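Chains, contacts and geometry: an overview
The lines below spell out each chain.
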Number of protein chains: 2
Amino acid sequence: MDKPYVVGIDIGGQTSKIGVVDARGTVLRQSSIRSDTRKDVNLYINDLCEAVIKLANEVGGMEKVRGIGVGAPNGNYYTGTIENAPNLTWGGENVIPFAKLVSDKLGVRVVLTNDANAAAVGEMTYGAARGMRNFILITLGTGVGSGIVINGEVVYGHDGFAGELGHTAAVRYNGRQCNCGKKGCIEAYASAIGVARTAREWLEMTDEPSALREVFEELTSKDVYEAAVGGDALAKRVFEYTGKKLGESFSDFVAFSAPEAIVLFGGLARSGDLLLKPVEDSMNANLMPLWKNKIKIIFSQLKESDAAILGASALAW
Amino acid sequence: MDKPYVVGIDIGGQTSKIGVVDARGTVLRQSSIRSDTRKDVNLYINDLCEAVIKLANEVGGMEKVRGIGVGAPNGNYYTGTIENAPNLTWGGENVIPFAKLVSDKLGVRVVLTNDANAAAVGEMTYGAARGMRNFILITLGTGVGSGIVINGEVVYGHDGFAGELGHTAAVRYNGRQCNCGKKGCIEAYASAIGVARTAREWLEMTDEPSALREVFEELTSKDVYEAAVGGDALAKRVFEYTGKKLGESFSDFVAFSAPEAIVLFGGLARSGDLLLKPVEDSMNANLMPLWKNKIKIIFSQLKESDAAILGASALAW
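Reading the values: the criteria
- Residues take numbers from 1 onward in each chain, read along the sequence in its written order.
- The naming scheme follows written order: chains are lettered A onward, ligands numbered 1 onward.
- A pLDDT threshold of at least 70 governs which residues receive local features in this predicted model, and a stricter bar of 80 or more applies before side-chain atom pairs are shown or counted, although totals over entire chains, interfaces and linings include all residues.
- To obtain the side-chain values, all non-hydrogen atoms of the structure were included, while hydrogens and water were left out.
- Here a salt bridge means any side-chain nitrogen of Lys or Arg lying within 4 Å of a carboxyl oxygen belonging to Asp or Glu.
- A helix here means a DSSP run of H or I that spans at least four residues, while a strand means a run of E at least two residues long, and both kinds are numbered starting from the N terminus.
- Exposure is judged per residue with a 1.4 Å probe applied to protein chains only, and the accessible area is read against the type maximum: over 50% gives exposed, under 20% gives buried, and values in between give partly exposed.
- The definition of a polar contact used here is a pair of N or O atoms within 3.5 Å, where within protein one atom must be able to donate a hydrogen and the other to accept one, and adjacent residues in sequence count solely through side-chain atom pairs.
- In this analysis, two residues are considered to be in contact whenever any of their non-hydrogen atoms come within 4.5 Å of each other.
- A residue counts toward the fit only if its pLDDT is at least 70 in both copies, and the copies are then superposed by least squares on the C-alpha atoms of those residues.
- Defined in terms of a 1.4 Å probe, buried area is the accessible area two parts forfeit on being brought together, summed over both.
- Ten residues, namely Ala, Val, Leu, Ile, Met, Phe, Trp, Tyr, Cys and Pro, are considered nonpolar, four, namely Asp, Glu, Lys and Arg, are considered charged, and the remaining ones, Gly among them, are considered polar.
- Geometry of aromatic contacts follows a simple scheme: Phe, Tyr and Trp rings, the Trp one being its six-membered ring, pair when their centres are within 6.5 Å, and the pair is stacked under 30 degrees between planes, edge-to-face over 60, tilted otherwise.
- Any two strands with at least two DSSP bridges between them are considered paired.
- All axes are obtained by fitting lines to C-alpha atoms, using only the stretch in contact for helices, and the reported angles, taken between N-to-C directions, cover 0 to 180 degrees.
- What makes a nonpolar core is a set of buried Ala, Val, Leu, Ile, Met, Phe, Trp, Tyr and Cys residues whose side-chain atoms join them at distances within 4.5 Å.
- Should an angle fall under 35 degrees it is taken as roughly parallel, and over 145 as roughly antiparallel, whereas 65 to 115 is taken as roughly perpendicular and any remaining angle as oblique.
- Crossings are classed by handedness, with left-handed meaning an anticlockwise turn of the near helix from the far one by less than a right angle and right-handed meaning a clockwise turn.
- The criterion for a disulfide is a pair of cysteine sulfur atoms lying within 2.5 Å.

Quick look at the pattern of salt bridges now. Residues and elements named next belong to chain A. As enumerated under the stated definition, the model contains 28 salt bridges over all chains in all. The salt bridge partner of Arg197 is Glu201, with a shortest N-O separation of 3.9 Å. Of this pair, Arg197 and Glu201 both sit in helix H5 (residues 192-205), 4 residues apart, roughly one helical turn. A relative accessible area of 28% places Arg197 in the partly exposed class.

Structurally, the position occupied by Arg172 of chain A is in the loop between strand E10 (153-154) and helix H4 (187-190). At 3.2 Å, the side chain of Arg172 of chain A and the side chain of Asp252 of chain B are in polar contact. Excluding residues within four positions of it along the chain, Arg172 of chain A makes contact with Ala169, Ala170, Glu248, Ser249 and Asp252 of chain B.

This part covers the relation of the copies chain A and chain B. Between chain A and chain B, which share one sequence, the superposing operator has a rotation angle of 180° and an axial displacement of 0.0 Å; the RMSD is 0.1 Å. With respect to symmetry, the two chain copies, as superposed, fit the operation of a two-fold axis. Of all interface residues in chain A, 100% are interface residues in chain B too; the two copies therefore contact each other through one and the same surface.

Reports often express the size of an interface as the amount of accessible area lost when the parts come together. Contact with chain A, which involves 41 residues of that partner, is made by 42 residues of chain B. With both sides pooled, the region where chain A packs onto chain B buries about 3600 Å², and carbon together with sulfur makes up 58% of that total. Contact with chain B buries area across many residues of chain A, yet Arg172, Phe256 and Met288 of chain A alone supply 22% of it, more than any other trio. In this structure, the connection of chain A to chain B is made through 4 salt bridges. Where chain A packs against chain B, one counts 28 residue pairs in polar contact (both at pLDDT 80 or more). Going through the elements one at a time, strand E9 (144-150) and helix H7 (233-257) of chain A are the ones with two or more residues in the side of chain A that touches chain B. When residues of the side of chain A that touches chain B are assigned to their parent elements, the largest contribution, 9 residues, is made by H7 of chain A. A per-class count over the side of chain A that touches chain B returns 22 nonpolar, 10 polar and 9 charged.

What follows covers the packing of aromatic side chains. Tallying each qualifying case throughout the model produces 19 aromatic pairs over all chains. When the centroid spacing of 6.3 Å and the interplanar angle of 70° are considered together, the rings of Tyr225 of chain B and Phe239 of chain B count as edge-to-face. Pair noted here: Tyr225 of chain B is in helix H6 (residues 221-229) and Phe239 of chain B is in helix H7 (residues 233-257), with a separation of 14 residues, a long-range link. Residue Tyr225 of chain B is classed as partly exposed on the basis of its relative accessible area, which comes to 30%. Classification of Phe239 of chain B by relative accessible area gives buried; the value is 0%. Among the aromatic side chains, those forming a connected cluster through ring pairs are Tyr44, Trp90 and Phe98 of chain A.

In a beta sheet, neighbouring strands are held together by backbone hydrogen bonds and run either parallel or antiparallel to one another. Residues and elements named next belong to chain B. Here 5 strands make up an open sheet; going across it, the order is E3-E2-E1-E4-E7 and the pairing mixed. Lying at the two open borders of the sheet, with one neighbouring strand each, are strand E3 (27-34) and strand E7 (109-114). Neighbour-to-neighbour, the strand axes of this sheet turn through a mean angle of 15°, independent of strand direction. Pairing of strand E1 (residues 5-11) with strand E2 (residues 15-21), which is carried by 6 bridges, proceeds in the antiparallel orientation. Residue Val6 lies in a different strand from E2, and its bridge partner there is Val21.

Within the largest apolar cluster, 108 residues are counted, with the highest numbers of intra-cluster contacts made by Ile138, Phe250 and Trp291 of chain A together with Ile138, Phe250 and Trp291 of chain B. Setting aside anything within four residues of it in sequence, one finds Ile138 of chain A in contact with Val144, Gly145, Ser146, Leu165, Phe250, Phe253, Ile262, Val263, Leu264 and Phe265 of chain A.

Residues and elements named next belong to chain B. On the secondary structure map, Lys105 appears in helix H2 (residues 98-106). Judged by relative accessible area, Lys105 falls into the partly exposed class, the value being 49%. Note: C-alpha distance between Lys105 and Ile138 (33 residues apart in sequence) is 32 Å. In this view, Lys105 contacts Ile45, Asn46 and Cys49; residues no more than four positions away in its chain are not counted. Looking at Lys105, its side chain comes within polar contact range of the side chain of Asn46, at 3.0 Å.

Take the packing of H5 of chain A against H7 of chain A next. Residues and elements named next belong to chain A. Where H5 meets H7, the closest approach of the two axes is 10 Å, and the angle between their N-to-C directions is 130°. Taken together, the axis directions place H5 and H7 in an arrangement best described as oblique. Relative to H7, H5 is oriented so that their crossing is right-handed. Seen from H5, the contacting residues are Val195, Thr198, Ala199, Trp202 and Leu203; seen from H7, they are Leu234, Arg237, Val238, Tyr241 and Thr242. Here the residues of the contact of H5 with H7 are counted per class, giving 7 nonpolar, 2 polar and 1 charged.

All right, on to the state of the cysteines then. Inspection of the entire model under this criterion finds 0 disulfides over all chains. No disulfide involves Cys178 of chain B; its sulfur sits 3.9 Å from that of Cys185 of chain B, the nearest cysteine.

Dropping the structure here:
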């Protein structure tokens, strides 16, 4: 095969991960660049293409690369654009012809989708959702994203933007401001940022002793996790609350597509039972009788970086 | 053709409609029976089969009938069962092998699905959704149902029960009790029964003058509609409130499958602009920027009885 490799790119709010992948799904080479140091998308794309060329050169050069698959927030599969991505420093209120810009620079075909959709493809092909034809992948990272698979196909919808479950309502009235411009989105509660925000709000509201008071200024979801594992009561309640909110939302997602499972993916999914238990309890409490205790909630079985890179790369074959 | 006809059956909470349909989608004969006079499903099926045979005899007998398609609440396409249907007097907490029972009695193949899924197929084949590959049909009748079409296919999900959007949360806490056992479902607010309930609650809460006070005891959504058309301020606000709730829910449905349109179907959909305007305003207020003012809300273009019968019958070819 003249061009035996594809490149998978996973664009996150902070980091962009790049991998060279062979036909068997092995990530041969991997690197990353920062996503958030540029305000101008052209400068970011310069950085990105440089990193892709450097990585490709380790396996024989760009002429060995058949295509590039990109997973990006607000990425549109149909048009190859990134549109109004609030979590990207160079996203803003623009329609960026991302696939075309990269393709023009590197001279290979570029296919682009939502980062969560890419992860769903990765999980279906190599991970926890192998053999499943109906599942929903939820990414719990900086934001909350989703990839919906129905009858073995990712749902793109009429316009290419289906599966924005992070921006469905967790709270209808007086909900938290979300980055997307709406209020009350589940992303504002169950993302890494949402978890830290819950902890900070609760610390401010009461005098309850908590290990988290020491890190208040720079409190992250990781701090909350570590405090909860250490037995901190407030931190544990933050996870219970987050899980409750997620479970409520999941019960609505199930009513939509009746999936076999919901796959949790991303940084916060590493919280394990601390999150899983309240999610399951809350989802089952809010499901119609016909679904109670029948919908599996499982964790991604791929390394986070691999899943997104593999998923993105699978688009490029 | 030896067997030139199919029979479509639409089972509603109160009435079951039966039609004999030819290959061009013409409803040749139509009749109906009550759904709600029997507690025992076998007695209901006796009534139903009698009515089917009677109708078939008008076009040459059951030997002319190739198959029967049934649209029923909680109908499962995969298994042919009706499961835990709270709005059917003979539904209750049972798994009824409905397709088999009817098939055994009449000696023809019986295919069954959710009544709303059947309506979606009817609408896609003959109605407002012709040519659309991604849309959501919402039935606003005794209950609130939905048929979700993605890439031209009805979504059945892993277990055959996908598309229960009437039982997603309109209100998360202290919501109204719904027939399904949950609280706060959109069905408890935006069904015909929900509309009447809103009116009754508001009449009880205040002394505001309203034409609806005269019919309080037996108040129906039709009364509310007529009062609103007549200028009754409270009745108009009931429609605004109902539309607001529906629009909020629709914004979440759009985030799921990014449909080209949402098609309103059923008794309450006949309320026209009285409902449409607040639904559109509320949906757009709650959509992510990328979808604002881009999702069409349209009314069914088929007579209600025809759509469900045609949709159900289409399953039987």
